[in-house]
Amino acid sequence: MTQRALDPSGEQPTGSSGPGGAGRPAKIDAGSELDPVHPVDLPASAAAGRGLTAAEVAERIARGEVNDVPVRSSRSVTEIVRANVLTRFNLIIGVLWVIMLFVAPIQDSLFGFVIIANTGIGIVQEWRAKKTLDSLAVIGEAKPTVRRDGVAAEVSVSEIVLGDLVELGPGDKVIVDGTVTEADSLEIDESLLTGEADPVLKRADDPVMSGSFVVAGGGAFAATKVGREAYAAQLAEEASRFTLVQSELRSGISTILKYVTWMMIPTAIGLIISQLVVKDNNFKDSVARTVGGIVPMIPEGLVLLTSVAFAIGVVRLGRKQCLVQELPAIEGLARVDVVCLDKTGTLTEGGMDVTEVRALNGTDEPYLHRVLGAFGNSDPHPNASLQAIIDTYPAPDGQGWRVTQALPFSSARKYSGAAFDEGSERESAWLLGAPDVLLPEADPALAEIEQLNEQGLRVLLLARARGELDRPDLADGAVPSALIVLEQRLRPDAGETLAYFADQRVATKVISGDNAVSVGAVAAKLGLPGAEHTLDARRLPTDPDAMATAMEENAVFGRVTPQQKRNMVAALQSRGHTVAMTGDGVNDVLALKDADIGVSMGSGSEATRAVAQIVLLNNSFATLPSVVAEGRRVIGNITRVATLFLTKTVYSVLLAVLVVCFQVEYPFLPRHLTLLSTLTIGVPAFFLALAPNKERAHPHFVRRVMRYAIPSGTIAAAATFATYLIARSHYSGTGALDAETSAATLTLFLVSMWVLAIIARPYTWWRICLVAAMGLAFLIVLAVPWLQDFFALKLVGAPMPWMAVGIAVVASAALEYAWRLVGRRFPV
């Protein structure tokens, strides 16, 4: 397993173990105490650092002492079926369907078969999404390194057994509870468990808890609790599920459905009384017309269509190697107006090249080369910067240059260190890190470094330390010995992605631990708007409001500490911004967790993958526009089709109220409204929900939908009932009710088609064809005799049908005026 140390200049590079991350671990209230890890008697081989033997592993597996927590990335098939079938509205419709099967012809029970088909489609679509998500989760599964029989190898999380010796390096997540057996300056962040951000230095025999992660150093621990006994196992399992929560879209739909339910109950009761008691009609016909009035009040397809749209979004993004760990992330990223980027691994690739080493203070260059080679050899987990040095300067030959002490990199101090026994009784200690941290402000070398930074080059300082590496004032008095100039490799697709966000009016902030000028130069090469506005985070105000102002006025920030990243996200959120944070290193975890949307690179540290909502398995920042586009497609299209569904609900309720008030028969049978719903809502809504849509997402979903649905439904109900009343005075005798119903159906269909035509804008060839096809289908029903009989639709005479058309035309003109008036009076 290839591990990683943090970059000496403050960045967390890409590299490390494979992609993955189970989900966002829940946080326990700050200050809560961690349960003590109970000691486990380790076999001699494990205690000696060789790990368990194959026989000991087999023995533990036989006893069931295995980390068998089922980490699911999606709902089970049973849960999918239950969620799609056992709904409030399916129950209501199911009861009404059974009633209709007993009292009316089969064509009046078509709405029940439509619900079965729709529910089946929802189950199949979510099952397909489950398969996609599960396969991506397997690709992204963490692979901890376990030492067995003295050999380190990667195993799956479920293969860890009690007593296993698990190795740790920077960025690794602690998979199970355990006791530290080896520690090399091991610092562990337990913030995901306790809420405390300060890393904890761990020594041998100290406990480690599942859910924490390594910030610096390395070591190993023996597993003392596995499976469901591990502290964070249940939290991780719950957090990793395929969730549909915390979504404005879904919560808005739930709010709408709640109000629809309360509105529907008294209206339905009044309709039942009106049709069964007040009017002395045939009992079965009264029941059929009562059900016909109740069924269309239920926007049953809206929830289904939303789930399908989300599920298909997951499938589409999965094909682009984007793992969505929480479904609302698709929606959330579409609402983002500020994206905070980490430079290394996002704008630049992980690899670097040493372009130059400039000796300072007369230091001998061959000696510098040996120091750099030894420094690279001192870290078993080299990062991108150190790997570039190792590739250029191999470790010195001979018996000298033995590492006597090592200081891992810390984001707080922004340098690392190593002490050597050079042989011949010579010893030395060295620091490698950010020049503007290790050098005093007046040092003349800083001017030279500034020129290099302005060219977009990364500069590290090698300085000789005085005294032991464990002194708190270690950097004071360090003697500069060399500048190491590194050239970063820009991601070829980063420029296009930045241009996309600029075009979409999404502000981009580059937040880096590197020098601000250097980062600004890299951003300028990629065409980032405002790249010239750079700010050193050490000069960033601590007041949240002043910090928010600085964040809005500048685009590039350097020398940012992990806690500052977190504060920056909070400052932007305090100004009403929806913030996305990308990152791949442990120094990004706190900010990723607090951001509205956390995005991790697949090759990033295990900790970042665990807290991120979206994991880019292909490590490509260029995938983000696809996620944004998918979110906008879902939100924009569901807003469109929700207006269709709720227009039907509004006119159905109003028609029922008018029928009760005027004490007349309900004009429609269920078959009529099934036909209308299918042609003006069901079929077109399915296509419109999956269509491309690049419109920027807007807040206030409920308000946006209802401001159009209420006037549209009101106009449709008024026009339909007017036609019905005129038809009642026009027709008489046998078959009059059927003729009245046909005229009212014609008006309602034409008005509903105009609502569909408005929602389908802006027109494209396929949208025009969709609307035309629905109109043609209705004409076929009116023209074909057996379809006339099946749907009980037959236009009688010429005056009344043309009157119905005329009323529909007037209503359509009123619709146009109402939509434009609403758009001006109630802008969102």
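The structure contained in this document is the topic of the report that follows. (Residues numbered from 1 in each chain as written. Predicted model: local features only at pLDDT ≥ 70, side-chain atom pairs only at ≥ 80, totals over all residues. Heavy atoms only, no water.)

Bringing the sheet that holds strand 18 (residues 556–558) into the picture now. Read from one edge to the other, the open sheet built from eight strands follows the order 8-21-20-19-9-16-18-17, with strand pairing classed as mixed. Lying at the two open borders of the sheet, with one neighbouring strand each, are strand 8 (322–324) and strand 17 (534–536). Pairs of neighbouring strands in the sheet enclose a mean axial angle of 20 degrees, with direction left out of account. Relative to strand 21 (residues 614–616), strand 8 runs antiparallel, the two being bridged by three bridges. In the strand pairing of strand 21, Leu-323 is matched with Val-615. Along the sheet face, helix 17 (residues 516–525) touches strand 16 (507–511), strand 17 and strand 18 and points at about 145 degrees away from the line of strand 18. Packing of helix 19 (residues 562–574) onto the sheet brings it into contact with strand 9 (338–341), strand 16, strand 18 and strand 19 (579–583), and relative to strand 19 it is tilted by some 160 degrees. (Pairing = 2+ DSSP bridges. Helix = DSSP H or I, 4+ residues; strand = E, 2+ residues; numbered from the N terminus. Axes fitted to C-alpha atoms, helices over the stretch in contact; angles between N-to-C directions. Contact = heavy atoms within 4.5 Å.)

Let us look at a nonpolar patch on the surface. Residues Val-98, Leu-101, Phe-102, Ile-106, Phe-113 and Ile-116 make up a contiguous nonpolar surface patch of roughly 590 Å² in combined accessible area. Those elements that provide at least two residues to the nonpolar patch are helix 4 (88–103) and helix 5 (110–139). Of the residues forming the nonpolar patch, the biggest block, three residues, is contributed by helix 4. Structurally, the position occupied by Ile-106 is in the loop between helix 4 and helix 5. (Patch = residues over 30% accessible without salt bridge, like charges linked within 9 Å, V, L, I, M, F, W, Y side chains within 5 Å. Areas by Shrake-Rupley, 256 points an atom, 1.4 Å probe, with all protein chains shown as cover. Salt bridge = Lys/Arg side-chain N within 4 Å of Asp/Glu carboxyl O.)

Let's shift gears to the nonpolar core. Within the largest apolar cluster, 85 residues are counted, with the highest numbers of intra-cluster contacts made by Ile-638, Val-641, Leu-644, Phe-701 and Phe-778. With 12 residues, helix 22 (residues 624–662) is the single largest residue contributor to this core. Look past the residues within four positions of Val-641 in its chain and what remains in contact with it is Leu-305, Ala-685, Leu-688 and Ala-689. By size, the runner-up hydrophobic cluster in this structure holds 34 residues, among which are Ile-330, Leu-341, Val-519 and Ala-580. (Core = buried A, V, L, I, M, F, W, Y, C linked by side-chain atoms within 4.5 Å. Buried < 20%, exposed > 50% of the residue type's maximum accessible area, 1.4 Å probe, protein only.)

Strand 16 sits mainly inside the fold: four of its five residues count as buried. Relative to strand 16, strand 9 runs parallel, the two being bridged by four bridges. By the bridge assignment for strand 16, Val-338 is matched with Ala-507. Pairing analysis gives two bridges linking strand 16 to strand 18, with the strands arranged parallel. In the sheet register, Ile-511 faces strand 18, and the bridge partner there is Phe-557.

Moving on, we come to empty space enclosed by the protein. Counted by the stated rule, this structure contains three cavities of 30 Å³ or more. Each pocket or cavity is described by its volume, and for the largest cavity that value is around 70 Å³. Lining the largest cavity are Leu-644, Thr-647, Lys-648, Tyr-651, Thr-680, Ile-681, Ala-716, Val-751, Ser-752 and Val-755. If you list the elements that add at least two residues to the lining of the largest cavity, you get helix 22, helix 23 (670–689) and helix 25 (736–759). Take the lining of the largest cavity: its biggest share by element is four residues, from helix 22. Across the lining of the largest cavity, the residue classes tally to six nonpolar, three polar and one charged. (1 Å grid on protein atoms, 1.4 Å probe; cavity = no way out; pocket = protein on both sides within 12 Å on 5 of 7 lines; lining within 4 Å. Points joined across faces, edges and corners; volume = space filled by probe spheres on them. Nonpolar A, V, L, I, M, F, W, Y, C, P; charged D, E, K, R; others polar.)

Attention shifts here to the packing of helix 24 (residues 701–730) against helix 25. The geometry of helix 24 relative to helix 25 is characterised by a closest axis approach of 8 Å and an angle of 155 degrees between their N-to-C directions. The orientation of helix 24 with respect to helix 25, classified from their angle, is roughly antiparallel. At the point where helix 24 passes helix 25, the crossing takes the right-handed sense. Across the interface between the two elements, Ser-712, Ala-716, Ala-719, Thr-720, Thr-723, Tyr-724, Ala-727 and Arg-728 from helix 24 touch Leu-737, Glu-740, Ala-743, Ala-744, Thr-747, Leu-748, Val-751 and Val-755 from helix 25. Residues that form the contact of helix 24 with helix 25 fall into these classes: 10 nonpolar, four polar and two charged. (Parallel < 35°, antiparallel > 145°, perpendicular 65-115°, else oblique. Left-handed = near helix turned anticlockwise from the far one by under 90°.)

Counted according to the given criterion, the structure contains 12 aromatic pairs. Residues Tyr-367 and Trp-430 carry aromatic rings whose centres are separated by 6.1 Å and whose planes lie at 55 degrees to one another, so their mutual orientation is tilted. Taken as a pair, Tyr-367 in helix 12 (residues 365–377) and Trp-430 in strand 13 (residues 426–433) lie far apart in primary sequence, 63 residues in all. By the burial criterion, Tyr-367 is buried, and Trp-430 matches it. Relative to Phe-778, the ring of Phe-749 has its centre 3.9 Å away and its plane inclined at 10 degrees; by these criteria the two rings are stacked. Highlighted residues: Phe-749 in helix 25 and Phe-778 in helix 26 (residues 765–783), separated in sequence by 29 residues. Each member of the pair, Phe-749 as well as Phe-778, is classed as buried. (Phe/Tyr/Trp six-rings, centres within 6.5 Å; stacked < 30°, edge-to-face > 60°.)

Remark: helix 18 (residues 544–553) packs on helix 19, axes separated minimally by 8 Å, with the N-to-C direction vectors making an angle of 90 degrees. Classified by the angle between their axes, helix 18 and helix 19 sit roughly perpendicular to one another. Contact residues: Pro-544, Met-547, Ala-548 and Met-551 in helix 18; Asn-567, Met-568, Ala-571, Leu-572 and Ser-574 in helix 19. Split into classes, the residues belonging to the contact of helix 18 with helix 19 amount to seven nonpolar, two polar and no charged.

Here we come to the side chain of Arg-559. Structurally, Arg-559 is set in the loop between strand 18 and helix 19. At a separation of 2.8 Å, a polar atom in the side chain of Arg-559 contacts the side chain of Asp-436. (Polar contact = N/O pair within 3.5 Å; in protein donor to acceptor, adjacent residues only side chain to side chain.)

Counted under the stated rule, the structure contains 23 salt bridges. Lys-565 serves as the salt-bridge partner of Asp-342, at 3.7 Å between the closest nitrogen and oxygen. Pair noted here: Asp-342 is in the loop between strand 9 and strand 10 (348–359) and Lys-565 is in helix 19, with a separation of 223 residues, a long-range link. Note that Arg-728 and Glu-740 form a salt bridge whose closest N and O atoms lie 4.0 Å from each other. In this pair, Arg-728 is assigned in helix 24 and Glu-740 in helix 25, connecting sequence segments 12 residues apart. The buried category is assigned to Glu-740, whose relative accessible area is 6%.

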